[in-house]
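If you want the building blocks of each chain, they are given just below.
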Amino acid sequence: MFFNTFVQHIKSEKCAQLGFWKLIKIGIPCNPIHWFQFADDAAVISSQENENQILLNRFTVWCQWANMIIRVDKCSSFGIKKRSSKSIQYQPKLFVNNQLIPRIELGESFRYLGRCFDFNMSDERHKSELCDLFNDIISKIDKLPLHPRNKILLYSRYLLSKISWNLTITDISKTWICETLDNVATKYIRKWLELPISATLSNVYLPQNKFGLNIILPLTKFIQCQTVSRSTLKASINEDINKLWSITSTNKNIQYDIYKNTKDVLKAFRNENEQRLQNHLISQGSFFSSIIKNSTS
């Protein structure tokens, strides 16, 4: 209730001039964007440092009135300014309760709602953390004294779920996921199933009713996560969120918008592997076709 009341306060005409304006079309302004709130996590954005300080001062007063404590040590400030027609990162001086908010070092990034932001707006930190997390967990699974079937269950139900949030909030390319995480996953799957490097894994990815093990790769999980994210934007009751989906329905997002839900992604993945077995792999394909034909006849 406190945050809702405060947000209504900063939406007043007096505070509306702070922050920056986002244009949908040339000459048609939307509401100013200067405050992002999710539960008790807040992000304040402004075009001028003094405007940001005004908003922080208002927030400090409201928190004092509500008897809420602002953890300055858990806050951070990040600034970009133009110098000689070139944008550079700098360290702004912003205060809360006369305490200097910790400033992000030049070249470093900060995290908000799980997403990392840096001056170049790159995903390098996400890639590094995701790669380390994936390799650490899958190596621990490999060392457990378990039957290979149980290791595959841990991979499918725990590991892929563990990285799903990272796969949802980032803009990592499908190529990077395929070349990095998929290669690691297939290496361990081959090891657990004692399959040589020459053996295909297409039959392993099929569902159990087609004599597969119902395994998916990180890339498929990534597409599922992106599909859920895009569907959430499209189905949101908030008009601004719907506009965000519409504006971003171009370029690489088109490849996720073609799916209605995660089941469609899984179906496309399985169909691709089934087609590869039947039409591209001669010996394995004929063996697979014979099993399917005799088992269903």
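Before reading on, note that the structure itself is shown above.
Residues numbered from 1 in each chain as written. Predicted model: local features only at pLDDT ≥ 70, side-chain atom pairs only at ≥ 80, totals over all residues. Heavy atoms only, no water.

Draft legend 1. Quick peek at the nonpolar core. Counting residues in each nonpolar core, the largest one holds 33 residues, and the members touching the most others are Leu130, Phe134, Ile138, Tyr155, Leu159 and Ile177. The set of elements that each furnish at least two residues to this core consists of α4 (124-143), α5 (148-162), α7 (174-193), α8 (218-235) and α11 (262-279). Considering each element in turn, this core owes the most residues, 8 residues, to α7. Not counting residues within four places of it along the chain, the set of residues in contact with phenylalanine 134 comprises Tyr155, Leu159, Ile163, Leu181, Val184, Ala185 and Pro218. Judged by nonpolar contacts, the second largest core, of 10 residues, contains Trp35, Val72, Leu94 and Val96. (Core = buried A, V, L, I, M, F, W, Y, C linked by side-chain atoms within 4.5 Å. Buried < 20%, exposed > 50% of the residue type's maximum accessible area, 1.4 Å probe, protein only. Helix = DSSP H or I, 4+ residues; strand = E, 2+ residues; numbered from the N terminus. Contact = heavy atoms within 4.5 Å.)

Draft legend 2. Highlighting the layout of surface pockets. Size it by volume and the second largest pocket reaches roughly 440 Å³. As for the second largest pocket, its lining consists of 18 residues, and the residues nearest its centre are Leu153, Ser156, Arg157, Leu213 and Asn214. For the lining of the second largest pocket, the secondary-structure elements that each account for two or more residues are α5, α8 and α11. Looking at the lining of the second largest pocket element by element, the count peaks at 7 residues for α5. A per-class count over the lining of the second largest pocket returns 9 nonpolar, 5 polar and 4 charged. (1 Å grid on protein atoms, 1.4 Å probe; cavity = no way out; pocket = protein on both sides within 12 Å on 5 of 7 lines; lining within 4 Å. Points joined across faces, edges and corners; volume = space filled by probe spheres on them. Nonpolar A, V, L, I, M, F, W, Y, C, P; charged D, E, K, R; others polar.)

Draft legend 3. How the structure looks around α7. Most pronounced at aspartate 182, the bend in α7 amounts to some 35°. Buried residues along α7 sit in contact with α4, α5, α6 (164-169) and α8. Looking one or two places after α7, you find glutamate 194, whose phi comes out positive at around 55°. (Bend = angle between axes of the 7 residues up to and from the residue.)

Draft legend 4. Geometry of the pattern of salt bridges. Scanning the model with the defined rule gives 10 salt bridges in all. Close ionic contact of glutamate 129 with arginine 111 constitutes a salt bridge, the shortest N to O distance being 2.8 Å. Within this pair, whereas glutamate 129 is found in helix α4, its partner arginine 111 is found in strand β9 (residues 110-112), the two being separated by 18 residues in sequence. A salt bridge links arginine 125 to glutamate 129, with the nearest nitrogen and oxygen atoms 3.0 Å apart. (Salt bridge = Lys/Arg side-chain N within 4 Å of Asp/Glu carboxyl O.)

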